[in-house]
Every structure is written in C-alpha cells, then in structure tokens.
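Observations on the model geometry
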Amino acid sequence: MIDESLTSKRRSQMKSEERLRLLQRGLYRKAKQDKTFRFYVLYDKLSLNYILREAWKRVKENSGTAGYDRISVKDVEKYGVDEYLAEIAEEIRNETYKASPVLRVYIPKGDGKMRPLGIPTVKDRIVQMACKFVIEPIFEADFEECSYGFRPKRAAKDAIISIKTNITSERMVEVYDADLKGYFDNIPHDKLMKLVELRISDKRILKLIRMWLKAPVFENGKLTKSKKGTPQGGVISPLLANIYLNLLDKAVNRKDGYFHKYGVRIVRYADDFILMARKIPKHCTVYLQELMKVMELEINMEKTKMVNVMEKPFDFLGFTFRYDRDRYGRKTKYLNIVPRKKSEKAIRKNIKEHLRKNGHKNPTDIVKGLNPILTGWINYYNIPNVSYPQGAKRKLRWYLWKSLYLYYRRKSQRKSKLCNQDAFKVLVTKYGLVDPWKYKHV
C-alpha cells in the first residue's frame, strides 16, 4: 500500500498523502493479521489536519455540484479552505457535526431511463471521505479477490481479464448474467450495520454512518426520510455497498459452500456480477435467488439470463463477450471481447453533443473538448492482449471524420476556413486531435 522508504522518514517530513497512507497501512495490516479484531479508536483520526486536507483534495478533484445547502467547491475556496477545514475539525472534535439532507437529482441512463443520484453537501463529502480513508483499509483486508468495483488499485479491466481467464483457461463457458433491482436503494440499514459492527466498535464512527444512511432526501421541494438504501453519489456509499455484497462473494467462494462444489465462480463490479462455471445447475441459481431474499435484495429476472458463451454472447461492464469464427475460414472459434454496441452509440452521442454545443468555438477549443472524450473511451476499451476494439475504433474514426465534415459545412455560411478542406485531417495534423485508429493506449 505504500513505499517502504516512508518508514525511515519522520512524520514531520512527510506529506499529507504519505502520512495518510502510513496510517492506512497500519490499519490494513492489523485487520489482515486478526480477522476478528474490532477497531475501537478511530473517530479521533477524522479531525486530523492531514486527513481532512487529503479529503478536501479528493472532493475538489471529483468536483460535482453543490448539495442541499447550495455551497459549491468554489464557494469554499472563496471562503478560505484552511478556515473551512478548521471549522469541520472543531465540529468533529466537539461531536456537533450533523449530516445535511441529500439532494436528489436524476441523470439519463443508456436505455433512456433516469438514474437517481444523491448529492451530499461539500461538508458531508469531506467528512465522508475522511471516514472512508480510515475505515476502508480495515474492510479491504476482508474483501474477496473476485470484487473489482470501487476498490483501491482495481478497475473494470481487471474484472474483464478475470472473465477471459475463466472462459479460455478454465473452460467456464456457462455464464449466469445477473441484475439486481435497485441495489443501492434497497440495502437494509440494520443488516448493513451488523456487518460494519463486526469490524468497528467505535460508537462515534457507527453513529456517523447511521447518520449518513438515514439522512433525509430533498426532492421536489420536500424532505423524505430514508428508511433503506445508500444514495448513489455519496462518497462513502460504494464502500458500504461493497461491504454488504461481500456476503455474496463469501457465499460463492466458501470452500465448503453450496456453489464451490459445482465449480461456480463469481466476478463482481459493485452491484454488477456474473456467475461462471463449466456447467451451472438450475438449483444453484434458485439458491442464489433465495440468498438474495434473505439479504432483502431482488434479482431482476427480466434482465437476468443464463448463456453458453460458445453459442450466445453476453455483455458485462460495457463489453460484449462472444465466440467468432476464424477470420481465415478455419473451423476453430476464438473469444472476441469488444465494446458493446450501446457503448459505441454513447460515444457517438457525446461527440455529436459536443459539436452541437460548441459551434461558435475555434478549432483549438473543439479539439480540447473532443480529445478527453476520445481518449477516455479508447483507454477503457483497449486492454492489451485481452480486448479487441480495433473494429470499433475504425468505425469511430469514420464517424468523427463525417461529423467534422458536416460540422464545418454548416459553418460555411460564416466562411469557415475548414469548409472545403479535410477537417478531420487538418485537426489531427495541425491542432493535435486524437486519431482513434492510431492512438496509443495509455
């Protein structure tokens, strides 16, 4: 978790980030060494200057909109960051800190529906981040290797690599692609807190977590009490969600458990997960559904399916897994992992929206806005020796060429210099636009 050379430094010589990581390493090691140890002195660490400063740094990097109190990150900077953090530290020490209501907003999903997000205030985000810094290493020591979402030094690509290994090396071609209905909104508070209490006995930390879970939701001018769930958008919500679903991971991986004797494995990213095996018996999926009921969760049977990847493709984390025929006409098939069609449509939509909103800008600014869209998408889908996004990148390049041609043709009434030129080529060679086909993965 940290460079060993830090142990030779004095704390006064360390940066805030180094001191934080040193603390986290100590908590992780203790939790790893003793699986039954309950941490009872944690709350006082939340008011430490270096922890609050690192929490503020993360909150600022994540940006985000103002919460219920309408105070934004920029407002805090105008007020004075040091003074603001000092006031928070004082509230924590005096135990007068209170969580504010969570602002409910909605963002569009890929299927046209709206996803609810809960936006805490900047102050709540800072305190939640500080709390996350302290308790995350403890639970990291307990999490299973099959979990990849919202964890340090883990990403979606690691889940994709694991799936490919299971399919190609272990011949786990039968996949149960599960979907949980409204997971974040339905986590039962009482059962979640029992899991937290297995590792943390500091009553003040437990009180904070309960406060965040029960914070009222502000929507349409009304405050509504929160009886279950943890809001998507909260800083600490992903960690709490992982703590609860770790029950599922352990149930599947337990050596003497129901799933293990049938060779079933799980790959999970937050609330998205799949079961994999050479053959998954029907009663295994029935048992899974019963387990979810005990956890007060529900599998969405309309979106859940069992597939044999040799015969039918499946989607996971924006990728499509399918077996394709050999391009040279041989009888053998090979596993192809490519960007999902919806993902290709999504980036085309983002490009179109960017050009629509920035019709008045010069080529330099157009490129400045397009490049993060392109590189972010390509970096996600290009996993060396695992995924094969070349076809999608070629189609993206063509779409970009056509979009820029139409974009500058519409601007021809204002005598755009790029109207009668190859706009894509000019922007690539002169202004540094990313060429999707030639871009090197970073």
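To be clear, the structure that these remarks concern was listed above.
If you're wondering where the values come from, they're calculated on a predicted model, not measured in any experiment.

The rules behind these values
- Residues numbered from 1 in each chain as written.
- Predicted model: local features only at pLDDT ≥ 70, side-chain atom pairs only at ≥ 80, totals over all residues.
- Heavy atoms only, no water.
- Buried < 20%, exposed > 50% of the residue type's maximum accessible area, 1.4 Å probe, protein only.
- Helix = DSSP H or I, 4+ residues; strand = E, 2+ residues; numbered from the N terminus.
- Pairing = 2+ DSSP bridges.
- Axes fitted to C-alpha atoms, helices over the stretch in contact; angles between N-to-C directions.
- Parallel < 35°, antiparallel > 145°, perpendicular 65-115°, else oblique.
- Left-handed = near helix turned anticlockwise from the far one by under 90°.
- Contact = heavy atoms within 4.5 Å.
- Nonpolar A, V, L, I, M, F, W, Y, C, P; charged D, E, K, R; others polar.

What to know about the pairing of strand β3 (residues 174–179)
Of all six residues in β3, six are buried; the element is thus mostly enclosed. Covered by surrounding structure in β3 are Glu 174, Tyr 176 and Ala 178 together with Val 175, Asp 177 and Asp 179, the residues of both alternating faces. Summarising the sheet, β3 and strand β7 (residues 272–277) pair through six bridges and their orientation is antiparallel. Bridge pairing in β7 places Asp 179 opposite Asp 272. Pairing geometry for β3 and strand β8 (residues 305–308), over four bridges, is antiparallel. In the sheet register, Glu 174 faces β8, and the bridge partner there is Asn 308.

As for the packing of helix α12 (residues 341–357) against helix α14 (residues 390–410)
Contact pair α12 / α14: the axes reach a minimum separation of 11 Å and the direction vectors enclose 20°. As far as their axial angle goes, α14 and α12 are roughly parallel. Once α12 is placed against α14, the crossing between them reads as right-handed. In contact with Lys 341, Glu 344, Ile 347, Arg 348, Ile 351, Lys 352 and Leu 355 of α12, α14 contributes Ala 392, Lys 395, Leu 396, Tyr 399, Leu 400, Ser 403, Leu 404 and Tyr 407. Grouping the amino acids of the contact of α12 with α14 by side-chain chemistry returns nine nonpolar, one polar and five charged.

A look at the sheet that holds strand β9 (residues 314–316)
Across the sheet, which stays open at both edges, the three strands sit in the order β9-β10-β11 with antiparallel pairing between neighbours. The two strands at the open ends of the sheet, each matched to only one other strand, are β9 and β11 (333–339). The average undirected angle you get between the axes of adjacent strands in this sheet is 30°. Across three bridges, the pairing between β9 and strand β10 (residues 319–325) is antiparallel. Bridge pairing links Asp 315 to Thr 320 in β10.

A look at unusual backbone geometry
Even without being a glycine, Glu 95 presents a positive backbone phi close to 60°. Along the chain, Glu 95 turns up in the loop between α4 (81–94) and β1 (102–108). Of note, Glu 296 is a non-glycine position whose phi angle comes to about 65°, a positive value. On the secondary structure map, Glu 296 appears in the loop between α11 (282–294) and β8.

Topic: the environment of Glu 344
Looking at where Glu 344 falls in the secondary structure, it is placed in helix α12. Note on Glu 344: relative accessible area 7%, which makes it buried. In sequence terms Glu 344 and Ala 392 are 48 residues apart; their C-alpha atoms lie 7.2 Å from each other. Residues contacting Glu 344, with those up to four places away along its chain left out, are Pro 339, Trp 377, Ala 392 and Lys 395.

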